[in-house]
Amino acid sequence: MPKRTDIHKILLIGSGPITIGQACEFDYSGTQAARALKALGYSVVLVNSNPASIMTDPTLADATYIEPLTPEIVEAILRKERPDALLPTLGGQTSLNLALALHEKGVLEELSVELLGANVEAIRKAEDRGLFRECLKKVGVEAPRSFYLDNLDQLEQARNEIGVPCILRPAYTLGGGGASLVTQPEEFEPFVRNAVRASPMGEVLIEQSLLGWKEYELEVMRDKADNAVIVCSIENLDPMGVHTGDSITVAPVQTLTDREYQVMRRAAVDVIREVGVETGGCNIQFGVDPSRGQMVCIEANPRVSRSSALASKATGFPIAKIAAQLAVGLTLPEITNDITGCTPASYEPSLDYVVVKIPRFAFEKFPGAVKRLGPSMKSVGETMAIGRTFLEALQKGYRSLEQGYDGLDDRHRGEYDGSEEKLTIPTPERLFFVKYALQDGMSVQKASELSGIDPWFVNQLHRLAHPPEDPMQRQRMGLEPTAKVNYLAVDTCAGEFPARTPYFYSSAESSGDWTPLEGRKVVILSSGPNRIGQGVEFDCMCVQAAQALRARGLEAILVNSNPETVSTDYDISSRLYFEPITRDSVASILEREQPEGVILQLGGQTPLKLSHHLKAPILGTQPEAIDATESRERFAQLAEELGLNIAPGGIARNIAEARVVARELGYPVLLRPSYVLSGSAMRVLLDDADLERWYPWAEKAAEGHEVLLDKFLEDALEVDVDALADGTDVRLIGVMEHVEEAGIHSGDSACSIPPRALSALQIAQIEEDLRTLARKLGIVGLMNAQYGVRGSRLYLLEVNPRASRTVPYLCKAFGIDFVALAVDLMLGRKLSDLPPWDLNLPYFAFKEVVLPWKRLEGMDPLLGPEMKSTGEVMGIDTEPGGAYLKALLASGHRVKLGGRAFISVRDEDKRAVVPLGKRLVKLGFTLLATDGTADVLRKSGLEVEVIGKLGEPDHAIARMTRGEISLVLNTPSGAERKRDAADIRMAAVACEVPLVTTLEGAQNVVEAFERYARGPLEVRSLQEWHRMRTPVAV
Amino acid sequence: MNKGVLLLEDGTRFEGELFGHPGPAFGEIVFNTSMSGYEEILTDPSYRRQVVVFTNPQMGNYGITLEDGESRRPWVEGVIVREQSPSPSNWRSRLSLRKYLEEHRVAGLAEVDTRALVRHIRDHGAQRCAIGPAGQDLMEALKAQPSMVGLGLAEEVTCEQPWRMGKGPHRVAVLDLGVKMGILKELASRDLELEIYPAGTKAEAILSTRPHGLVLSNGPGDPSALTHIIPEVKKLVESGLPTLAICLGHQLTALSLGARTFKLKFGHRGGNHPVSCSHTGKVEISSHNHGFAVDPDSLPPELEATHTDLYDGCLEGFRHRTLPVQCVQYHPESSPGPRDSLYLFDWLKEQLHAQTH
Ligand SMILES: Nc1ncnc2c1ncn2[C@@H]1O[C@H](COP(=O)(O)OP(=O)(O)O)[C@@H](O)[C@H]1O
Ligand SMILES: Nc1ncnc2c1ncn2[C@@H]1O[C@H](COP(=O)(O)OP(=O)(O)O)[C@@H](O)[C@H]1O
Ligand SMILES: [Mg+2]
Ligand SMILES: [Mg+2]
């Protein structure tokens, strides 16, 4: 069937900010879809609130909306654009839920917008756990015993029918949001109540526990003609009970016989048919009883998922691209497999290698959070490794994590105490403990019983625990990272046909598929697995650079190990190496390719760390500049030499020195280890006790480098600045004023352009500072700096001689590809050769962040100098209030006027809170406050109710739980460490009440609320906004 | 560790470690791209006189079940793998791959760069090969082995005596040219009574038992070498009985009606080839194992192509325009492989039903 000609314009919905459970895999899928639809001649309208994505690059779609992903806003876009169809299956659960909401509102019908990919009935059948079970029954596939609870009255009945242990799964959530495991009878009731709250529909499936069963996933593609193929089979190394997103997973399936696998394959196809997913990619999960082989189906996702991204990268089958093509009527046999160039897409890839995915966690950032894996996802990123054998891939995977592992090494030896718990409790380190246990003589069988990990995998670990002497064998097991490797092709067909697409992985195999690439070549090092502080924004820039290089006639070679990304799509670069970004791995690639240069400055901290070890010319800023700024000590010297104003500080190499420095400076001081990203282990110290407690921690994070102590600038405005430099000149590309004060990491702070508080003089001063620095350091390409501003005084906080995470946001706000310009500079052009731009925009663009509090129970949701956010959104509007309101909505805040606002601020903020209180009252809020705050508010004539003390029935937490509070403003002081303030904030997060912890934040929030009160927001595409920019005469 | 070597007819050598029987073993080297199902492959009689390279690098993971075999013994001459699993894991596993090969004196070579080997076979074609201990000179013995072209092998693997299997209202005669258990099981599970005949059985002998339908099975070797069987197949096919022919049976049917067969460069062996079917208009992901194929341009007018391989355009099935005869080159019974094509067995059953009602 040819493509449909009755539709012309298609709306694609993205998945919004990166959160735990929904990461950049949907940038990959949205980008592929947009490109595929454009290539077929459709007009593409795209909406996503996340500016740090490639899919929102305004050249990709005909109209690109960076707007909040709420039903109201998407409805406004539909009314404005009047597309013929909506494709909701490529933007994760967010997009699917929005499509359902719009259908329910009747908007789709009213505007005759057709749903492509999956119809409402299919979405319901797959998402509604009850309907899904009926589908399973119809096609004779078993499901776990279960009880569907849509009313809390059924609690007792459910307890009787299913019993404990059981698993609770709220309907319509993603990444296992709210899923929980009940192992103790007394947990049953509270857990069920929680789960009911977590489901948007208040419905929960209570299921027989399949803990310890084997878990599998299949990725299915189906077309209109009912052709169905399984793109990839995935086996979880961690047994059921650990969310697949948090499991180490392996492709293809390793421990099923063909007979069992084919039963599963058939079941998958039958289920997808019954659910009625007409076209596109689906993900379906199974559990298998390891003792008897009984197979049950756990769930199906009628959309492209995180696992689809993994499957695409693992096999070379571009699931999202093809899903988009199928959605507009093409069939699988009509589509060509790009990799072979000669075979159709209606096939099942055959792998002659093993793929291992390893999740990356961020527990070190959240000291209070419970470090135990379960059915609800907690990882913030993942890495994938390809090897010819399982061990080769596994070892490479651990290296790719960029946590300093040399494979499954002995790093955690000291934590292994021989207790069985280390194996029975799933943690990120469990596999290490299994190895240590085997080393200490535990039998494979015992280790397998305790961990629930299949004996086949444990046996492999046993080989690692008792490694052979033979060097060849060691190499093949991935024990020798410096071994000479060959590059093999990911070819979809196990070598049966020659591959055309150069997608490579390394192996200690005796020969490879590699052939030289002709032309001028540049290698771009990307940023590896997502982590807090280094996420999709860096991948976005690497993709922009690859595109820029290729547009300038050069060959771009990408290196990355993150399967969720756009950069690891085989058609983004001229050549892709799916490899760890480590010294040995990169050295080997450079030796092969002999490129004319390497670009390091776009991949965040990961490539910078390698700067001294690369035997190839580095394009742009040289390693010396990196050292001069990364070492906090050298940076302080440099600033002094250049006469730049920085906060007073001193250096410590041990705690004794630290004590002296801190006393000289006077508290509060800020601890800052060198060579870290996103403020790792940075801490504000209020007194000596703090110093004793936190210094050792910072010392460890600095990994042998020195630790700096700075005078902490209180009540300072923070400004983030990005600029382009050509070695002699500098031009600012964005001066972003933070919403939160200095002391809150720049990555966690909301910020806005164009500047409103800074004077033209100050901006000129900043540009001059950076020019001085850039000249001194020879910075070529992108650079970033942060300033603290107190009154007219500017304090330079730090300089990064590389692209920062805000660059993609600036690109989207300005409509200028600053990364491409940086590439020009790196290739030797001068700033004076580039077209000019004006920093003043005729509109406002706010960036707001998304924090993972809800996922990580036990945390005090408080911001500080260490970054904690996972993602970001942008809001654009003609006025600041509107732009911030959009940003708030986009980051998931529930904006509601006229409820109760709870205010509790520290003494310094008491006076400034009065005008805010007045504005809130005007907006219809009733004020609640703690004693001191209430006093101040009352004195200025406001009516305030004093809230009860902790433990009293009308205490803030109790009232929040009862849904009586709709805004919390709590600025912590020394009381930061007082438990009750922390508890209030945690409760706010748990109850999804907007929480503001700084006065600056509150100002902006009130401004946004005032905008909200004035009526609906207007939507405008980036292309429209960009046309409003004033052209600058050359 | 026993060092071993694989020697190809063109002189190329691959080193590895012997497991199973140390050899020397000889055969035609072929590769299979299935990611599971090695037990079925080893025991499939169609692999007679062949050495199989598995592209899947981790082999033997689930051991040998002794339940999933396609016959009672392995037929391959040798097995070449990247890595063989020392200790299998599966609730049905009975013994390890290594043990199984040892017991049946089948040569195995592990730790081989199988991807390089596959690339070589892909570029230079299937050819004779030998597996043996590293020091041994195998070339002379290799050269003494027959080539696959011109080699009739069905009688080396067929049953000795006619036998029966299954129960049901319809009787189907199966000409065993090396039949896989998978085919018999699919038929029997459709309530058919099977009478299985040795490859050399005359058509008259079969037809005189008045079966309701016929199945011509898969099998090894060069179809055109089976000159004494081809005329018998012609008689069977033209008897007018509903007939399903698979693989070698498909090739013999084509030959008997005047078409030609030829040897493919390296054949089709795996579980992922898309085959489009003109009856259903759909694509089946199918299980393949064939080194020869029917030349579609040579089909006589009474035959109509029905199935085509979308990878290389290879003819994968045809039917008779006037008689109830359906032939497929690939394996609708899968084992191993995707079970997308079972409708062909249903077709036979429907034909039988139609004939008797
Ligand atoms: N009945 C069960 N018993 C034990 N663990 C389960 C059960 N059902 C699901 N799980 C675990 O919980 C995880 C999340 O469940 P799933 O239905 O896949 O939710 P999500 O929509 O978040 O992917 C699974 O990956 C699996 O490990
Ligand atoms: N002297 C200071 N006074 C107040 N806040 C500071 C000071 N120095 C740094 N900060 C805060 O700490 C955050 C992180 O510090 P920074 O040096 O930028 O680390 P990173 O390298 O992780 O970006 C900054 O964004 C800023 O909010
Ligand atoms: Mg799941
Ligand atoms: Mg910073």
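Everything in this summary refers to the structure shown in the same document. (Residues numbered from 1 in each chain as written. Chains lettered and ligands numbered in written order. Predicted model: local features only at pLDDT ≥ 70, side-chain atom pairs only at ≥ 80, totals over all residues. Heavy atoms only, no water.)

### So, helix 28 (residues 880-890) of chain A
Every α-helix winds through 3.6 residues per turn, so residues three or four apart in the chain are directed the same way.
All names here are of chain A.
Right, so step 1: In terms of burial, helix 28 is a largely internal element, eleven of the eleven residues being buried.
Right, so step 2: Regarding helix 28, the residues found buried are P880, G881, G882, A883, Y884, L885, K886, A887, L888, L889 and A890.
Right, so step 3: Phi for G892, located one or two positions after helix 28, is positive at around 95°. (Buried < 20%, exposed > 50% of the residue type's maximum accessible area, 1.4 Å probe, protein only. Helix = DSSP H or I, 4+ residues; strand = E, 2+ residues; numbered from the N terminus.)

### Here we look at the pattern of salt bridges
It is possible for side chains of opposite charge to pair when their charged atoms get near one another.
All names here are of chain A.
Right, so step 1: Under the criterion given, the structure shown has 94 salt bridges over all chains.
Right, so step 2: Across the pair E110 and R79 runs a salt bridge whose closest N-O atoms are separated by 2.9 Å. In this pair, E110 is assigned in helix 4 (residues 107-110) and R79 in helix 2 (residues 71-81), connecting sequence segments 31 residues apart.
Right, so step 3: For the salt bridge of R520 with E596, the shortest nitrogen-to-oxygen distance reads 2.7 Å. (Salt bridge = Lys/Arg side-chain N within 4 Å of Asp/Glu carboxyl O.)

### Considerations on the coordination of the magnesium ion (ligand 4)
Residues and elements named next belong to chain A.
Right, so step 1: The magnesium ion (ligand 4) binds to the protein through Q786 (OE1) and E798 (OE), with metal-donor distances spanning 2.0 to 2.1 Å. Highlighted residues: Q786 in strand 31 (residues 780-790) and E798 in strand 32 (residues 793-800), separated in sequence by twelve residues. E798 shares its class with Q786; the two are buried. (Donors = N, O, S within 2.8 Å, 3.2 Å for Na, K, Ca; no water.)

### A few points about the interface of chain B and chain A
Right, so step 1: Contacts between chain B and chain A engage 49 residues on the former and 63 residues on the latter.
Right, so step 2: Summing the contributions of chain B and of chain A, the shared interface buries around 4600 Å²; its carbon and sulfur component is 46%.
Right, so step 3: For the chain B face of the interface with chain A, the top three residues by lost area are W91, R115 and Y311 of chain B, together amounting to 18%.
Right, so step 4: Linking chain B to chain A there are twelve salt bridges.
Right, so step 5: As a salt-bridge pair, R119 of chain B and D513 of chain A come within 2.6 Å of each other at their nearest N and O atoms.
Right, so step 6: Scanning the region where chain B abuts chain A turns up 38 residue pairs in polar contact (both at pLDDT 80 or more).
Right, so step 7: Every element with two or more residues in the side of chain B that touches chain A is listed here: helix 3 (114-124), strand 15 (261-277) and strand 16 (283-294) of chain B.
Right, so step 8: Residues of the side of chain B that touches chain A, tallied by class, amount to 17 nonpolar, 16 polar and 16 charged. (Contact = heavy atoms within 4.5 Å. Buried area = accessible area lost by both parts, 1.4 Å probe. Polar contact = N/O pair within 3.5 Å; in protein donor to acceptor, adjacent residues only side chain to side chain. Nonpolar A, V, L, I, M, F, W, Y, C, P; charged D, E, K, R; others polar.)

### A word on the environment of E189 of chain A
Residue and element names in this part refer to chain A.
Right, so step 1: Assignment of secondary structure puts E189 in helix 8 (residues 188-198).
Right, so step 2: Here E189 falls in the partly exposed class, since its relative accessible area comes to 31%.
Right, so step 3: C-alpha separation for the pair E189 and L152, spaced 37 residues apart in sequence, amounts to 9.5 Å.
Right, so step 4: Beyond its immediate chain neighbours, meaning those up to four positions away, E189 contacts L155 and R159.

### Looking at the coordination of the magnesium ion (ligand 3)
Residues and elements named next belong to chain A.
Right, so step 1: The coordination sphere of the magnesium ion (ligand 3) contains the protein donors Q285 (OE1), Q285 (NE2) and E299 (OE), at a distance range of 2.2 to 2.6 Å. On the criterion of sequence distance, the pair formed by Q285 in strand 13 (residues 280-288) and E299 in strand 14 (residues 295-301) is long-range, its members being 14 residues apart. By the burial criterion, Q285 is buried, and E299 matches it.

### Regarding the pairing of strand 19 (residues 325-328) of chain B
Residues and elements named next belong to chain B.
Right, so step 1: Of the two faces of strand 19, the one carrying V325 and C327 and the one carrying Q326 and V328 are both buried.
Right, so step 2: Alignment of strand 14 (residues 243-246) against strand 19, held across four bridges, turns out to be parallel. The residue of strand 19 that forms the bridge with A245 is C327.
Right, so step 3: Here three bridges tie strand 18 (residues 315-320) to strand 19, and the two strands are oriented antiparallel to one another. (Pairing = 2+ DSSP bridges.)

### What about the nonpolar core?
Residues and elements named next belong to chain A.
Right, so step 1: Core analysis: the biggest nonpolar cluster contains 115 residues, and L724 and F818 have the highest contact counts within it.
Right, so step 2: By residue number, the principal contributor to this core is helix 18 (residues 536-551), which donates nine residues.
Right, so step 3: Residues in contact with F818, not counting those within four places in the same chain, are L724, I733, L810, C811 and W837.
Right, so step 4: One finds A883, Y884, L885 and L923 within the second-largest nonpolar core, a separate group that totals 62 residues. (Core = buried A, V, L, I, M, F, W, Y, C linked by side-chain atoms within 4.5 Å.)

### Quick look at the environment of F26 of chain A
Residues and elements named next belong to chain A.
Right, so step 1: Counting through the fold element by element, F26 comes out in helix 1 (residues 25-39).
Right, so step 2: Overall, F26 belongs to the buried group, its relative accessible area being 3%.
Right, so step 3: Separated by 207 residues in sequence, F26 and S233 have C-alpha atoms that sit 20 Å apart.
Right, so step 4: Other than its neighbours up to four places away in sequence, F26 contacts S15, M55, L90, G91, G92, R303, V304, S305 and R306.

### Observations regarding the packing of aromatic side chains
Right, so step 1: Evaluation of the coordinates by the stated rule reveals 25 aromatic pairs over all chains.
Right, so step 2: A ring pair is formed by F361 of chain A and F363 of chain A, whose centres lie 5.7 Å apart and whose planes are at 20°; its orientation type is stacked. Both residues of the pair, F361 of chain A and F363 of chain A, belong to the buried class.
Right, so step 3: Here Y38 of chain B and Y62 of chain B contribute two aromatic rings whose centre-to-centre distance is 4.5 Å and whose plane-to-plane angle is 20°, an arrangement assigned as stacked. You can see Y38 of chain B sitting in helix 1 (residues 38-42) and its partner Y62 of chain B sitting in the loop between strand 5 (58-59) and strand 6 (78-80), a full 24 residues away along the chain.
Right, so step 4: Residue Y38 of chain B is classed as buried on the basis of its relative accessible area, which comes to 3%. (Phe/Tyr/Trp six-rings, centres within 6.5 Å; stacked < 30°, edge-to-face > 60°.)

### Some thoughts on the pairing of strand 20 (residues 555-560) of chain A
All names here are of chain A.
Right, so step 1: Burial within strand 20 is extensive, with five of its six residues counted as buried.
Right, so step 2: In this structure, strand 19 (residues 521-525) lies alongside strand 20, joined through five bridges in parallel fashion. Note on strand 20: the bridge partner recorded for L525 is V559.
Right, so step 3: As for the winding sense of the linkage, the β-α-β connection from strand 19 through helix 18 to strand 20 is right-handed.
Right, so step 4: Pairing analysis gives four bridges linking strand 20 to strand 21 (residues 575-578), with the strands arranged parallel. Paired with L558 across the bridge in strand 21 is L576. (Right-handed = clockwise from strand over helix to strand, strands pointing away.)

### Side note on the environment of V522 of chain A
Residues and elements named next belong to chain A.
Right, so step 1: Relative to the helices and strands, V522 is located in strand 19.
Right, so step 2: A residue is classified by how much of its surface remains accessible, and V522, at 0% relative accessible area, is buried.
Right, so step 3: Sequence separation between V522 and L590 is 68 residues; the distance between their C-alpha atoms is 9.9 Å.
Right, so step 4: Not counting residues up to four positions away in its chain, the partners in contact with V522 are L549, L554, E555, A556, I557, P595, E596, G597, I599 and L619.

### Observations regarding the sheet that holds strand 23 (residues 618-619) of chain A
Residues and elements named next belong to chain A.
Right, so step 1: Taking strand neighbours across the sheet as the criterion, the seven strands line up as 17-18-21-20-19-22-23 in an open arrangement whose pairing is mixed. Among the strands making up the open sheet, the edge pair consists of strand 17 (486-489) and strand 23.
Right, so step 2: Direction of pairing for strand 17 relative to strand 18 (residues 503-507): antiparallel, over a ladder of four bridges. The residue bridging A489 from the neighbouring strand is F504, located in strand 18.

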